[in-house]
Amino acid sequence: MKRKGQGIRFQLIAGIVIMTIAGIGLVGFMSIKIVERSALLWKISQAEDTVGFVRASFNPAAGGGQAWGVRFAEAIAKEAGISDFRLSAPDGSPLVAAGRMPSGMGELIYDAGGMEAYMYGGGFMTGIGDFMRVSASVPGAGRVEFVLGLDEVNEDMGSVRKFLALYAIIDSIVIIAFGVYFLSRSILQPLKKLEESAKSIAGGKLFDRADVAVDNEVGSLATSFNSMAERLEDEIKSLERVNLELTTMQEELLRSSTLAAVGRLAAGIAHEIGNPLGALNGYMEILSKGSLDPAEFKDIIARAGRETDRIDSIVRDFLEVARPARKAASPVDLNALLAETIDALSVRGDFSGVDVSVLSGEVPQVMADEGKLRQVFSNLLINAAQAMEGMEKKAITVSTHFETRPAQLKFGRRKSDQPMEMKHGERGYALVRIKDTGAGVAPLDAARIFDPFFTTKEVGKGTGLGLFVSQSIIKACGGEITFRSVEGGAEFTVALPTGEERA
Ligand SMILES: Nc1ncnc2c1ncn2[C@@H]1O[C@H](COP(=O)(O)OP(=O)(O)OP(=O)(O)O)[C@@H](O)[C@H]1O
Ligand SMILES: [Mg+2]
């Protein structure tokens, strides 16, 4: 910006200087030419006088005859200070030949009344020459020729030139000084003020205005600039007001949505307890039929006990959300836990007609809270079963795998499913895949299924907490839940670190 400002200043001043010098130079040159011309005319009129006297000497009216005329002409030349003088008879024979005539013709500068004047040396640019030769007809004698020196004229021209040069310099200084002063007052200073205000406004001083009082385009630019700044200030102020309103509104919205969330969380608690209660209902039905042998009876009672424990554990979980207290993790055998969970769910209505197949791979134990893992797998399995509701083919495939992943990329690309061999810089993971043949997840929903309270299920059936709670449980164990659409259904993968690592 600074350089640009200097640029316009420099350009304008350079323009003034160049124009002034060119103008004054031209005027000076023209003046010199005019003075030169009048000096030459003066010299020519001297020559005319001399020729006039010579002609008069031979005038028959003077009555002196030719010899007298010659003597008289010589005297005139002497009187006029002419040393190179030539007088010739009509037949060309010399009557007087004093001094010498210059060689060459010279430049014709005058030709009138039978008199010609030729200049030697000098020119348009170099000025007046060194001398001039005059040649004129003399009635009664023949021709007179003489040389007039121009030294005197040249000397005068020298001082005229000096005077004009001095005049031109003083003139230029005065004009340039005034030019720069007015330019600075009317354009440069107002522009500078405008620039300063613009910078100040850009720097946040919205109230700043350009104080420019000149009556030209820069002045009207400043007026427009000021009204623009005015509008900008108004707009920014109203934007700030709107922003404040928006923030207040957002806070209100957050408060009301938090209230709603609390309500839904309560509903969520009820839902989570609903799953084991459903199982308990199933066991009670079986028990009420009363056709069980003592061993089966004992088994059902044990199962019912586990579901009651689950209710207890869920209530504790939600208490933990409010007041987190870490439960000690213990080694969990995933294959056994999955078999148990599937078994417990099989009595639910959701699972009637569902074909659950298990492909148990060789996986090491994982360190986790078993009750919580059970909760995760139940959620995933129930989701799978519910996604297939009303469909002809209902199949869930549960499989377990071991996988190694690069240690530095926490969840990098899969390396291998088996065998359980660790390479350097790798970490071991136990994977549980739950694949169903249900409706799948709509592409638009895929990004939101892990959000709390996101559900596509009818009111009373789903609260949208299942995947959210499950993900937070798995994340707490250092693992992750991922999801992908597979042909004719969905596949959820739970990855849990096995604690095996090679740095
Ligand atoms: N296996 C699946 N196939 C198709 N969609 C699924 C599957 N699992 C989850 N979803 C979708 O993700 C949504 C969220 O699931 P999430 O388990 O969090 O809640 P929910 O099942 O709707 O309710 P809740 O689990 O609280 O009873 C579901 O409503 C459903 O649209
Ligand atoms: Mg669910």
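1. Notes on the overall build of the protein chain
If you tally the helices and strands in the protein chain, you get eight helices and 13 strands. Its C-alpha atoms give the protein chain a radius of gyration of 60 Å, more than 25% over the compact-globule value 23 Å for 503 residues. A buried classification covers 37% of the 503 residues belonging to the protein chain. Sequence-distant contacts, at least 24 apart, represent 65% of the contacts inside the protein chain between residues at least 6 apart. Summing over all exposed atoms, the protein chain offers an accessible surface of approximately 29800 Å²; the carbon and sulfur share of this is 59%.

2. Description of the pattern of salt bridges
Counting across every chain of the model gives 20 salt bridges. With a shortest N-O distance of 3.7 Å, Lys199 and Glu195 are connected by a salt bridge. Separated by four residues within a single helix, Lys199 and Glu195 lie in helix α3 (residues 151-202), roughly one turn from each other. The class of Lys199 is partly exposed, set by a relative accessible area of 48%. Its relative accessible area of 18% is what places Glu195 among the buried residues. With its nearest N and O atoms 3.1 Å apart, the salt bridge here joins Glu233 to Lys237. With Glu233 and Lys237 both in helix α4 (residues 217-289) and four residues apart, this pair spans about one turn of that helix. Each of Arg209, Glu230, Glu233 and Lys237 takes part in one network of salt bridges that share partners.

3. Here's the deal with the side chain of Asn379
Counting through the fold element by element, Asn379 comes out in helix α7 (residues 370-387). Among the polar contacts made by the side chain of Asn379, one reaches the side chain of Ser470 at a distance of 3.1 Å. What Asn379 contacts, discounting residues up to four positions off in sequence, is Glu272, Asn275, Gly466 and Ser470.

4. Some thoughts on the pairing of strand β1 (residues 85-88)
In the sheet, β1 pairs with strand β2 (residues 94-98) via four bridges, with the strands oriented antiparallel. In the sheet register, Phe85 faces β2, and the bridge partner there is Ala98. Where β1 hands over to β2, the hairpin turn is made up of five residues, of which Gly92 adopts a positive phi near 95°. As judged from the four bridges shared by β1 and strand β6 (residues 142-149), these two strands associate in the antiparallel manner. Within β6, the position partnered with Ser88 by the bridge is Arg143.

5. Regarding the sheet that holds strand β4 (residues 115-120)
The antiparallel open sheet is built from six strands, whose spatial order is β2-β1-β6-β5-β4-β3. Unpaired on one side and paired on the other, β2 and β3 (107-112) mark the two borders of the sheet. Strand-to-strand twist of the sheet, defined as the mean angle between neighbouring strand axes without regard to direction, takes the value 15°.

6. Section: the site of ligand 1
Around ligand 1, the structure places 21 residues, and the nearest of them are His271, Asn383, Thr455, Thr456 and Lys457. A distance of 2.8 Å separates an oxygen atom of ligand 1 from a polar atom in the side chain of Asn383. The separation between an oxygen atom of ligand 1 and a polar main-chain atom of Gly466 is 3.3 Å. Calculation on ligand 1 without its partners gives an accessible area of 590 Å², and the protein chains cover 95% of this total. Counting only elements with at least two residues in the shell around ligand 1, the list comes to α7, α8 (466-476) and β13 (489-502). Looking at which element gives the most residues to the shell around ligand 1, the answer is α7, with three residues. The class makeup of the residues in the shell around ligand 1 is nine nonpolar, nine polar and three charged.

7. Some points on the packing of helix α6 (residues 334-345) against α7
Running from N to C, α6 and α7 cross one another at 55°; their axes reach a closest spacing of 10 Å. The angle between α6 and α7 falls in the class oblique. Note on packing geometry: the crossing formed by α6 with α7 is right-handed. Here Leu334, Leu337, Leu338, Glu340, Thr341, Ile342 and Leu345 of α6 lie close against α7, whose contacting residues are Glu370, Leu373, Arg374, Phe377, Ser378, Leu381 and Ile382.

8. So, the domain arrangement of the protein chain
The domains assigned to the protein chain are domain 1 (2-169) and domain 2 (326-502). Each of domain 1 and domain 2 has a C-alpha centre, and these two points are 119 Å apart.

So, how was this worked out
Residues numbered from 1 in each chain as written. Chains lettered and ligands numbered in written order. Predicted model: local features only at pLDDT ≥ 70, side-chain atom pairs only at ≥ 80, totals over all residues. Heavy atoms only, no water. Helix = DSSP H or I, 4+ residues; strand = E, 2+ residues; numbered from the N terminus. Rg over C-alpha atoms; globule rule 2.2 N^0.38 Å. Buried < 20%, exposed > 50% of the residue type's maximum accessible area, 1.4 Å probe, protein only. Contact = heavy atoms within 4.5 Å. Areas by Shrake-Rupley, 256 points an atom, 1.4 Å probe, with all protein chains shown as cover. Salt bridge = Lys/Arg side-chain N within 4 Å of Asp/Glu carboxyl O. Polar contact = N/O pair within 3.5 Å; in protein donor to acceptor, adjacent residues only side chain to side chain. Pairing = 2+ DSSP bridges. Axes fitted to C-alpha atoms, helices over the stretch in contact; angles between N-to-C directions. Near = heavy atom within 4 Å. Nonpolar A, V, L, I, M, F, W, Y, C, P; charged D, E, K, R; others polar. Parallel < 35°, antiparallel > 145°, perpendicular 65-115°, else oblique. Left-handed = near helix turned anticlockwise from the far one by under 90°. Domains from an automatic or database assignment.

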